[in-house]
Amino acid sequence: MAKRVGGQLVDALIEGLSDPALGVDKSSRIRFLNPKAAELFGVDARKAIDKKLWDVLPIDDFTRALSTLVNESDPEPKEQMVIFPGDRLFVAQLLPVYSEGRNTGVVATLKDMAGMQKIEKSIEQFVTDVTRQLKVPLTAIKGFVETLLEGAYQNAEITRRFLQVINEETNRLTRLVLSLEGAAQPDQTPRLNLRPLSVLTLVEGSLALFQDTAEEKNIRLVSEVSGELPLIEVDQEQMRRVIDNLIDNALKFTGLVGEGTVTVTATAENGQVLINVTDTGIGIEPAEHPRIFDAFYRVETGPASELGGTGLGLSVARTVVEAHGGRIGVESEPGQGASFWVRLKALG
Ligand code: ADP
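Just so we're clear, the structure is a prediction, and the values are computed from it rather than from any experiment.

Peer 1: Tell me about helix 5 (residues 61-71), and please be specific about residues and values.
Peer 2: When helix 5 is considered as a whole, its buried residues turn out to be Phe62, Thr63, Ala65, Leu66, Ser67, Leu69 and Val70. Its side-chain oxygen at 3.1 Å from the backbone nitrogen of Phe62, Asp60 defines the N-terminal cap of helix 5.

Peer 1: Talk me through the packing of helix 9 (residues 236-255) against helix 10 (residues 313-323); I want residue IDs and the actual numbers.
Peer 2: Interaxial distance between helix 9 and helix 10 falls to 9 Å at its minimum, and their mutual angle equals 145 degrees. The two elements helix 9 and helix 10 cross, and the hand of that crossing is left-handed. For the pair helix 9 and helix 10, contact is made by Gln238, Met239, Arg241, Val242, Asn245, Leu246 and Asn249 and by Gly313, Leu314, Val316, Ala317, Val320 and Val321, respectively.

Peer 1: Quick one: what's the story with unusual backbone geometry, residue by residue and with numbers?
Peer 2: One non-glycine residue, Ser28, lies in the positive phi region at around 65 degrees. Mapped onto the elements of the fold, Ser28 is located in the loop between strand 1 (21-25) and strand 2 (30-33). According to the relative accessible area criterion, Ser28 is buried, its value standing at 3%. Here the phi dihedral of Asn270 falls at roughly 50 degrees; this positive angle occurs in a residue that is not glycine. Along the chain, Asn270 turns up in the loop between strand 9 (260-269) and strand 10 (272-279).

Peer 1: Residue-level account of empty space enclosed by the protein, with values.
Peer 2: For the structure on display, the rule yields one cavity of 30 Å³ or more. Taken together, Glu168, Glu169, Arg172, Arg175, Phe210, Thr213 and Asp248 make up the lining of the largest cavity. Elements with a minimum of two residues in the lining of the largest cavity: helix 7 (156-184) and helix 8 (199-216). Here the element with the most residues in the lining of the largest cavity is helix 7; it accounts for four residues. Split into classes, the residues belonging to the lining of the largest cavity amount to one nonpolar, one polar and five charged.

What counts as what
Residues numbered from 1 in each chain as written. Predicted model: local features only at pLDDT ≥ 70, side-chain atom pairs only at ≥ 80, totals over all residues. Heavy atoms only, no water. Buried < 20%, exposed > 50% of the residue type's maximum accessible area, 1.4 Å probe, protein only. Helix = DSSP H or I, 4+ residues; strand = E, 2+ residues; numbered from the N terminus. Polar contact = N/O pair within 3.5 Å; in protein donor to acceptor, adjacent residues only side chain to side chain. Axes fitted to C-alpha atoms, helices over the stretch in contact; angles between N-to-C directions. Left-handed = near helix turned anticlockwise from the far one by under 90°. Contact = heavy atoms within 4.5 Å. 1 Å grid on protein atoms, 1.4 Å probe; cavity = no way out; pocket = protein on both sides within 12 Å on 5 of 7 lines; lining within 4 Å. Points joined across faces, edges and corners; volume = space filled by probe spheres on them. Nonpolar A, V, L, I, M, F, W, Y, C, P; charged D, E, K, R; others polar.

Any functional reading would require information beyond the geometric quantities listed.
Here it is in structure tokens:
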């Protein structure tokens, strides 16, 4: 009786396996084939039982490996055999079954690797995006340096303008590298070098960096930050990356609708300082709001999809803000612009 219950249990286990599985005995006859395997190979499981392997399944590397293993007296388990039944990618694991020290058959379980292909695809896409982002500033820097070397350096005004562009493009490269670094250790809390800082000092640096870009895009970049606000205790370099990223995005997505305004404001309330970067750009669907702070996430529909990007800026920004004990978020509707906010504890 116990044996019967055991048999039923084993049957139920095999039937219920979420992966295709089959077993053959010493004479290469199929002893079990679960529903997933029957579906994958397009065979009737009941009719397949007790039939020779090659009368049911095509003769290929997989069935050949199975019959080779059952015929060996002391076989080694064969792992990670890649097979393509029905043009799908599976990894098969072949396990010899021993009874009283003798090889009595082989059990094969198959793992669907479709998910793996998806991961590989997104890595490929990511590398393509990063490469494209690196190429743009590099090409600009190279172009301006070459023009200077060809003689443009003799004009002081041109030299100053070119150097400004080179400086800005180098900053873009630095930001990209920093965001990649941040993404490489997403779970690591950044080490902070906390110092009291005025919000005005923090924001002024970012505004100066982006003023030329804003002008080129016909966008007004405005600050409404007063010097009277309470100080905040932050790692200036890291928090600058956050504000830089918010302004960079605001200019990028406002540029898509043509002219517009990007406004940086800061207010104090309930022992906190609230910094807002508000734009008049394309806006973001509310359903996307929680996701845009995830690493590698980019809105794939609408005008934003054409811009490319790494989808890392906001995830690094969130890591940095949260490491300061603060919060970051967004308010936006499509076509209505976006307002990103950062809430930090005020000092004293
Ligand atoms: P990316 O480098 O791709 O811009 P981010 O993490 O900075 O990565 O942003 C993630 C996504 O959030 C962007 O791809 C874009 O779709 C959306 N987004 C961010 N900022 C804005 C904004 N100011 N206006 C509209 N969409 C935005």
